[in-house]
Amino acid sequence: MHVNRRAMFSLTGAGALALALAACGGSSENSSTAAADKLQSIKDAGKIRVGFEGTFAPWNYHNETGELVGMEKEIADLIAADLGVEAEYIETQWDSLIAGVDADRYDIVINNVSPTAERQEKYDFSVPYVASEGKVAVLDSSELQSVSDLNGATAASSETSNFRTLLEEAGAQMTIVTGFDEAIEQVLTGRVDACGNDAVTFSYYQEQHPDAPIRLLDGILGEPSEAAILMPKGATSLQDAINESLKKHMENGDFKAIFEKYVGIDLTPAS
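Throughout this description, residue numbers start from 1 for each chain and increase along the sequence as written. For a predicted model such as this one, the threshold for reporting local features is a pLDDT of at least 70, and the threshold for listing and counting side-chain atom pairs is 80 or more; totals across whole chains, interfaces and linings nevertheless cover every residue. Computation of side-chain values covers all heavy atoms of the structure but excludes hydrogens and water.

Concerning helix H6 (residues 162-169)
Applicable threshold: Burial here depends on accessible area, computed with a 1.4 Å probe over protein chains only, as a share of the maximum for the residue type. Under 20% is buried, over 50% is exposed, and the range in between is partly exposed. What counts as a helix is a DSSP run of H or I of at least four residues, what counts as a strand is a run of E of at least two, and both are numbered from the N terminus. The arc refers to the directions leading from the helix axis to the C-beta atoms. Here, residues are in contact when the closest pair of their heavy atoms is within 4.5 Å. N or O atoms closer than or at 3.5 Å make up a polar contact, with two conditions inside protein: a donor-capable atom paired with an acceptor-capable one, and, for residues adjacent in sequence, both atoms drawn from side chains.
Restricting attention to buried positions, one finds in H6 the residues Asn162, Phe163 and Leu167. The buried residues of H6 occupy an angular sector of 140 degrees when the element is viewed end-on, so they sit on one face. Among the structural elements, helix H5 (117-120), strand E9 (134-139), strand E10 (154-158), strand E11 (173-177) and strand E12 (194-198) are those in contact with the buried residues of H6. Between the side-chain oxygen at the start of H6 and the backbone nitrogen of Phe163 there is a gap of 3.0 Å, and the oxygen is on Ser161. Positive phi shows up at Gly171, right after H6, with a value of about 100 degrees.

Here you go:
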């Protein structure tokens, strides 16, 4: 992954103690202030830092020439242009992706993240920019036929994915992996029976790997879901600006063109 590592510096003596006490005393207030000023800090920096996996086709990934592409990459480019800044992309694995917002490694996350109730307690979200259905993939030779057959089956998912929760609720026994690529590999090698993700991701995978011996189970995994952009709690001005950008490009057909370019269907949420 192309993630910058920060050097570690040690502090000793009274200086370290003073710094620690200051951090303990004002961290919550400072965090709230920083969130409220997030849009201004982005404009002052001249860039918006975007966190995503960078390996999650067709959402955000590197093509055969190494270029960073994908539906969400193009959407983020449009948002950055509307804010009058450049987009800086920072890639990391899914299970540490959302935590990167807490560590201020980036300003927003755009990685097909569903705004679940649990996530909304800690983070703010934009309006949804895409709508899709959850599906489950198995080997062609699997005895499983429907999502309702998952009780007692084995499945793979990343730890913090909402698809893990849905698979567990369906009765599957979970193996934790780092992301979609590893999950589908677990199915292909017979280590697990199934993996779950949105229909678009599976459709793109099957298009790119037409000989892969997998099929999708009948039925939908959970309710049809929407993805939104995740950002720090309290970043209201940034949230408003991103929402304005998203609504503009959904209404003028820019998103429709992006979705059809990559997957052949319009995934724009109903207004």
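Quick notes on unusual backbone geometry
Most peptide bonds take the trans form, and the phi angle of most residues other than glycine is negative. Looking along the chain, the bond that leaves Ala57 and enters Pro58 is cis, with omega of 5 degrees. One can find Pro58 in the loop between strand E2 (55-56) and strand E3 (60-62). A positive phi angle, near 60 degrees, is found at Asp104, a position not held by glycine. Structurally, Asp104 can be placed in the loop between helix H4 (99-102) and strand E6 (108-109). Residue classification places Asp104 among the partly exposed positions, given a relative accessible area of 36%. Positive phi is not limited to glycine here, since Asn112 has a value of about 55 degrees. As for its placement among the helices and strands, Asn112 is situated in the loop between E6 and H5.

As for the packing of helix H3 (residues 71-83) against helix H10 (residues 254-263)
Here is the rule: Under this scheme, a helix contributes an axis fitted over its contacting stretch, all axes are lines through C-alpha atoms, and angles between N-to-C directions fall in the 0 to 180 degree range. An angle counts as roughly parallel when it lies under 35 degrees, as roughly antiparallel when it exceeds 145, as roughly perpendicular when it falls between 65 and 115, and as oblique in every other case. The crossing is said to be left-handed when, going from far helix to near helix, the turn is anticlockwise and less than a right angle, and right-handed when the turn is clockwise. Classes in brief: Ala, Val, Leu, Ile, Met, Phe, Trp, Tyr, Cys and Pro nonpolar; Asp, Glu, Lys and Arg charged; the others, Gly included, polar.
Interhelical geometry of H3 versus H10 gives an angle of 155 degrees and a closest axis separation of 9 Å. Here H3 is positioned roughly antiparallel relative to H10, judged by the angle of their axes. When the axes of H3 and H10 are compared, the crossing they make is right-handed. Between H3 and H10, the contacting residues are Met71, Glu74, Ile75 and Leu78 on the first element and Asp254, Phe255, Ile258, Phe259, Lys261, Tyr262 and Val263 on the second. Looking at the contact of H3 with H10 residue by residue, the class counts come to 8 nonpolar, no polar and 3 charged.

Quick notes on the confidence of the model for the chain
How we decide: Residue-level confidence of the predictor is what pLDDT reports, using numbers from 0 through 100.
Mean pLDDT over the chain stands at 88; residues scoring 70 or higher make up 87%. Under a pLDDT of 50 for its full length, residues 1-29 has, in the predicted model, 14 contacts with residues more than four places off or in other chains.

As for the packing of aromatic side chains
Inclusion rule: In this analysis, rings of Phe, Tyr and Trp, with Trp reduced to its six-membered ring, are considered paired at centre separations within 6.5 Å, and the interplanar angle assigns stacked below 30 degrees, edge-to-face beyond 60, and tilted for intermediate values.
Throughout the structure, instances matching the rule amount to 6 aromatic pairs. In textbook terms, an aromatic cluster arises when at least three aromatic residues are bridged by ring pairs, as seen for Phe180, Phe202 and Tyr205.

Considerations on the packing of helix H7 (residues 180-188) against helix H8 (residues 199-208)
One way to put it is that H7 packs onto H8 with a least axis distance of 13 Å and a crossing angle of 65 degrees. Seen from above, H7 lies across H8 with right-handed handedness. Between H7, through Phe180, Ile184 and Leu188, and H8, the contact on the second element is made entirely by Thr201, Phe202 and Tyr205.

Points about the pattern of salt bridges
Operational definition: The salt bridge criterion pairs a side-chain nitrogen of Lys or Arg with a carboxyl oxygen of Asp or Glu, the two atoms within 4 Å.
Across all of its chains, the model carries 12 salt bridges by this definition. When the shortest N-O distance is used, the salt bridge between Lys233 and Asp124 registers 3.5 Å. Of this pair, Lys233 sits in the loop between strand E15 (230-232) and helix H9 (236-251) while Asp124 is found in strand E7 (residues 123-125), placing the two residues 109 residues apart along the sequence. Note on Asp124: relative accessible area 13%, which makes it buried. Taking the shortest distance from any N to any O, the salt bridge between Arg164 and Glu168 comes out at 3.3 Å. Here the residue Arg164 and the residue Glu168 both occupy positions in helix H6, the gap between them amounting to 4 residues, near one helical turn. A single network of salt bridges, built from pairs that share partners, joins Lys38, Arg49, Asp104 and Asp107.

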